[in-house]
Amino acid sequence: MVSFLGFSIVYRKWSVEAWQYPISYQADHLAVHFYTRMYSTGQLIPFLSKSVPIMNAPNGVDLSDLPNNEDILYYTIAVFQKFFGQFFGANLAVVALMILNGLSFYLFLTYYGIRNNLSTAGGVLVALSHFMLLRGFEHVMLIGAWFLPFMLIISDWCFNSTTVWTKNKKIFTGLVSLTTGLSFPYYTFIFGQFLFFGAIKHALQKKGRLIVAPMFAIALSIFGLALGQIDTFLYRLKAGPNTLILTRDLSSIEQYSMKIADLFLPYTHLIKGFQNWAHKIYYDRPFLIHTEPGFSYLGLIGCLAFVYAIGIPIWHFFRGKKQEVDSFWLYLYWLVGFSISGGLNFLISIVAGMYLFRCTNRYSILVLIISLFLFFRKVNPHWGRQAAIALICIALIDLPARTRFTEYAEIKNRVDADRDFVSKIEKNLPAGAMIFQLPVVDFPEYPKLFEMTDYEHFRPVLYSSQFRWSYASMKGRPDNDWQKEAERKSITELVLLLREKGFSAIYLNKRGFADRGQKMMDELKLYLPSATEIVSDDLYLIKI
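Residues numbered from 1 in each chain as written. Predicted model: local features only at pLDDT ≥ 70, side-chain atom pairs only at ≥ 80, totals over all residues. Heavy atoms only, no water.

**A look at the overall build of the protein**
Looking only at helices and strands, one finds 25 helices and seven strands in the protein. With respect to the principal axes defined by its C-alpha atoms, the protein has extents near 85 × 50 × 45 Å. The buried share of the protein, taken over its 544 residues, is 56%. Look at the contacts in the protein between residues 6 or more apart in sequence, and 77% of them connect residues 24 or more apart. (Helix = DSSP H or I, 4+ residues; strand = E, 2+ residues; numbered from the N terminus. Buried < 20%, exposed > 50% of the residue type's maximum accessible area, 1.4 Å probe, protein only. Contact = heavy atoms within 4.5 Å.)

**Focus on the environment of isoleucine 350**
For isoleucine 350, the location among the structural elements is in helix H19 (residues 344-352). For the pair isoleucine 350 and glycine 6, spaced 344 residues apart in sequence, the C-alpha to C-alpha distance is 41 Å.

**A look at the packing of helix H1 (residues 2-11) against helix H5 (residues 86-111)**
Remark: H1 packs on H5, axes separated minimally by 9 Å, with the N-to-C direction vectors making an angle of 130 degrees. By the angle between their axes, H1 is oblique relative to H5. Both H1 and H5 take part in a crossing whose hand is right-handed. Residues Ser3, Phe4 and Phe7 of H1 lie in contact with H5, whose contacting residues are Asn91, Leu92, Val94, Val95, Met98 and Ile99. Looking at the contact of H1 with H5, its residues break down into seven nonpolar, two polar and no charged. (Axes fitted to C-alpha atoms, helices over the stretch in contact; angles between N-to-C directions. Parallel < 35°, antiparallel > 145°, perpendicular 65-115°, else oblique. Left-handed = near helix turned anticlockwise from the far one by under 90°. Nonpolar A, V, L, I, M, F, W, Y, C, P; charged D, E, K, R; others polar.)

**Side note on the pattern of salt bridges**
Where charged atoms from two side chains of opposite charge approach closely, those side chains can pair. Following the criterion strictly, the structure yields 20 salt bridges and no others. Salt bridges sharing common partners tie together Arg414, Asp418, Glu451, Glu456, Arg459, Arg511, Arg516 and Asp538. (Salt bridge = Lys/Arg side-chain N within 4 Å of Asp/Glu carboxyl O.)

**Observations regarding the packing of aromatic side chains**
Evaluated as defined, the whole model comprises 59 aromatic pairs. Their ring planes at 90 degrees and their centres at 5.5 Å tell us that tyrosine 112 and phenylalanine 328 sit as a pair that is edge-to-face. Residue tyrosine 112 is found in the loop between H5 and helix H6 (116-127), and its partner phenylalanine 328 is found in helix H18 (residues 327-339); the two are separated by 216 residues along the sequence. In this structure tyrosine 112 comes out as partly exposed when scored by relative accessible area, which is 24%. Geometrically, the ring pair formed by tryptophan 469 and tyrosine 507 is edge-to-face, given 5.8 Å between the ring centres and 80 degrees between the ring planes. Remark: tyrosine 507 occurs in strand E5 (residues 503-509) and tryptophan 469 occurs in strand E4 (residues 468-469); sequence separation between them is 38 residues. (Phe/Tyr/Trp six-rings, centres within 6.5 Å; stacked < 30°, edge-to-face > 60°.)

**Considerations on the layout of surface pockets**
In this approach the atoms are scanned with a rolling probe the size of a water molecule, which exposes any empty space left behind. There is about 360 Å³ of room inside the second largest pocket. Contributing to the lining of the second largest pocket are 19 residues, with Ile72, Leu73, Thr76, Leu97 and Trp146 lying nearest its centre. Counting residues per element, the ones that place at least two in the lining of the second largest pocket are helix H4 (71-84) and H5. Tallying contributions element by element places H4 first for the lining of the second largest pocket, with five residues. Looking at the lining of the second largest pocket residue by residue, the class counts come to 13 nonpolar, five polar and one charged. (1 Å grid on protein atoms, 1.4 Å probe; cavity = no way out; pocket = protein on both sides within 12 Å on 5 of 7 lines; lining within 4 Å. Points joined across faces, edges and corners; volume = space filled by probe spheres on them.)

**Quick look at empty space enclosed by the protein**
Considering all chains together, one arrives at four cavities of 30 Å³ or more under this definition. Taken as a whole, the largest cavity holds about 130 Å³ of empty space. Those elements giving two or more residues to the lining of the largest cavity turn out to be helix H17 (300-318), helix H20 (364-379) and helix H21 (385-397). Among the elements that take part in the lining of the largest cavity, H17 stands out by supplying three residues, more than any other. Residue composition of the lining of the largest cavity, grouped by class: ten nonpolar, four polar and one charged.

**Concerning H5**
The end-to-end C-alpha distance of H5, which contains 26 residues, comes to 37 Å, matching closely the 38 Å that a straight helix rising 1.5 Å per residue would cover. Positioned one or two residues after H5, glycine 113 has a phi angle of 85 degrees, which is positive. (Expected span 1.5 Å × (residues − 1).)

**Considerations on a nonpolar patch on the surface**
Together, Leu344, Leu347, Ile348, Ile350, Val351, Met354 and Leu356 line one region of the surface with nonpolar side chains, adding up to about 640 Å² of accessible area. For valine 351, the location among the structural elements is in helix H19. (Patch = residues over 30% accessible without salt bridge, like charges linked within 9 Å, V, L, I, M, F, W, Y side chains within 5 Å. Areas by Shrake-Rupley, 256 points an atom, 1.4 Å probe, with all protein chains shown as cover.)

**Observations regarding unusual backbone geometry**
Cis geometry marks the peptide bond from alanine 57 to proline 58; its omega dihedral reads 5 degrees. Following phenylalanine 443, the chain continues into proline 444 via a peptide bond in cis, with omega recorded as -5 degrees. Even without being glycine, arginine 12 reaches a positive phi, approximately 60 degrees. On the secondary structure map, arginine 12 appears in the loop between H1 and helix H2 (16-19). Given a relative accessible area of 21%, arginine 12 falls into the partly exposed group.

**Description of helix H3 (residues 27-40)**
Between the first and last C-alpha of H3 there are 20 Å, a value that for 14 residues agrees with the 20 Å anticipated at 1.5 Å per step. In terms of burial, H3 is a largely internal element, twelve of the 14 residues being buried. Within H3, the full set of buried residues consists of His29, Leu30, Ala31, Val32, His33, Phe34, Tyr35, Thr36, Arg37, Met38, Tyr39 and Ser40. Where H3 is buried, its residues meet strand E1 (51-52), H4, H5 and helix H8 (140-143). Taken from the residues just after H3, glycine 42 is the one with a positive phi, measuring 85 degrees.

**Considerations on the side chain of threonine 232**
The residue threonine 232 is located in helix H13 (residues 230-239) in this model. Residue threonine 232 is classed as buried on the basis of its relative accessible area, which comes to 6%.

**A few points about the packing of H6 against H20**
The geometry of H6 relative to H20 is characterised by a closest axis approach of 11 Å and an angle of 160 degrees between their N-to-C directions. As judged from the angle between their axes, H6 and H20 are roughly antiparallel. Where H6 crosses over H20, the two elements pack in a sense that is right-handed. Two secondary-structure elements touch here, H6 through Leu118, Gly122, Leu125 and Val126 and H20 through Ile369, Leu372, Phe376 and Val379.

**Things to note about the side chain of serine 339**
Here serine 339 lies in helix H18. Owing to a relative accessible area of 1%, serine 339 belongs among the buried residues under this scheme. Leave out the neighbours within four places in its chain, and serine 339 touches Ser257, Met258, Thr360 and Tyr363.

Here it is in C-alpha cells:
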C-alpha cells in the first residue's frame, strides 16, 4: 500500500482513469513501451530472433542487432499489459517492482538480524527511493533490481566463508547468479567485481578450495549474460559486426559518472524550498551538465546512513582503532571509488579504451542499500517501533515531485490525440500499408531534434500493429542509408520514389521540424491537392 501511495503522490494517479495513462510520453519511455508491446502482440519472443516486419519498411528490422538483456523483464511486463492494458499494465508493473525491491531488502535485513520494525522501514525506504520512482518505466531494467540484496549476500558469503558450502547455499547462489546475468549488464559487471574480492582474499590466504564458490558464481552470471545475448551473437554471425549501433566515448564516462553532490541533493522534491535550494546552489549552475539528474539522490535517511557508513572506518583509522575488513564496507568504498567522477572507471576507460559501462551513477541504488544496512546494523539494538514509523513518515515526505497536474494533462491530451490519429489512419489505409516517417532519424539513440525527443516515431505504433512503418532502420546497417537520401529529395522525387517502393502515405512528426513541418506540408498539399490528410496537433499524414 505504501508503494501505491508513493507512486500516486509522485505521478498524480488519484483515479482509475489516471492509471490508464503513462507516467511519461517521450524518449526512453516510448522505446520500452514499443518493446513490451511487441512482446504482448507476440512479435518478439524471449531469447529467440527479434525480427519485426512492421518496422523499417519495406525491409523489416531484426532487433537482435541491438544487445538487450531485458527479455524476461519485458515479457513479464507484457503479461501485465495483456491483462490490464498498455499503460495501466505498465504502471502496475512499476509498482510491483517497487514492492519487490522493498520486500527483497526487508528479507536481506532480517537475514542479518535486523529487527522486524526496522527491516520494514528499510524496505519502504528502498521502495520509495528517488532511484525507483524517478527511473520508473523509462529505466525499468534498472528498477528490476530485486535480486541486488541477494547478490550482496552471496558476495558476503564468498568473501567470509571458511568452509565448503552446503547444497542449499550452492542452489541459492546458482539461481541468483544466473538471474543477475540475465538482468541489466551493469549489475552483472559489479557483481563480478565483488565476487573477485572474495577470490583474491582466499588466494592470498592460500585457501584454494574456497576460491571455487566465487568463481562458480562468476561463471554462472557470465553464462546468464551470454544466454541473454545469444540472439545478438547469432545475428551478428550472419550479418556481421555493427560498431556504430551504440556509440560511447570518454567524455560520456565523465558525464554519466556518479557525483557526490547528486547523492545529497534532490533534483525534484515535494518540499519545494528544498528543491529550489538544491537548484540554486548546484543544479542550475551553468558550468554543470546533468544527464540523469535526480536519480542518484539517496533521500534524507539514506544520506545520513551514507555519511555514517563512509565516515566510521575513517574515524576509527585516525583514532588508531584496529578493524577487521568488513565485506560491506569494502563494497561501499569500492563502489564510490569506482563510480565517482574521475574515479577508477574513468581511469580504466583511459587505459583500456572500454566505454561500455559509462553510467556509473546507476550504482547509487547499491550505495543506498549498503549504507542503510550498515546504519541499521548500528542502530538495531536501540531503535524500535516508534523509530521505524518515523522513518516511514520521513520516506513519504522525502518523495520526488515528478509530475505536475499540467504535465499529466499534456500526457493525457497527447495520448488521446494519438489514439484518435491512428484510428483515422485505420479507416483510410488498408492493413499492411507502408508509411514513410519524417524526419528521418537514427535508431537507436539520437539527440533531441527541435521539440522531438528520441523514439517519438514509435508513438503511432503503440496503438496499431496493422501498418508497416519506415522508422527503426538499424544504425550502422546499409538499409539505413536510403531513407536519409530520400529525405533530401524534392517533394516530387520523394513521392515518386516512395510509390515505387510501395509506400501508401507520408507521416510527419511536426515536433521534429523548425517550422513544425509547415513548409513540407504545404508542398505536399500543393503536389497532392486531392489526397486524404489526417492531422493532429503533433502529427500529420497524407496519402500518396
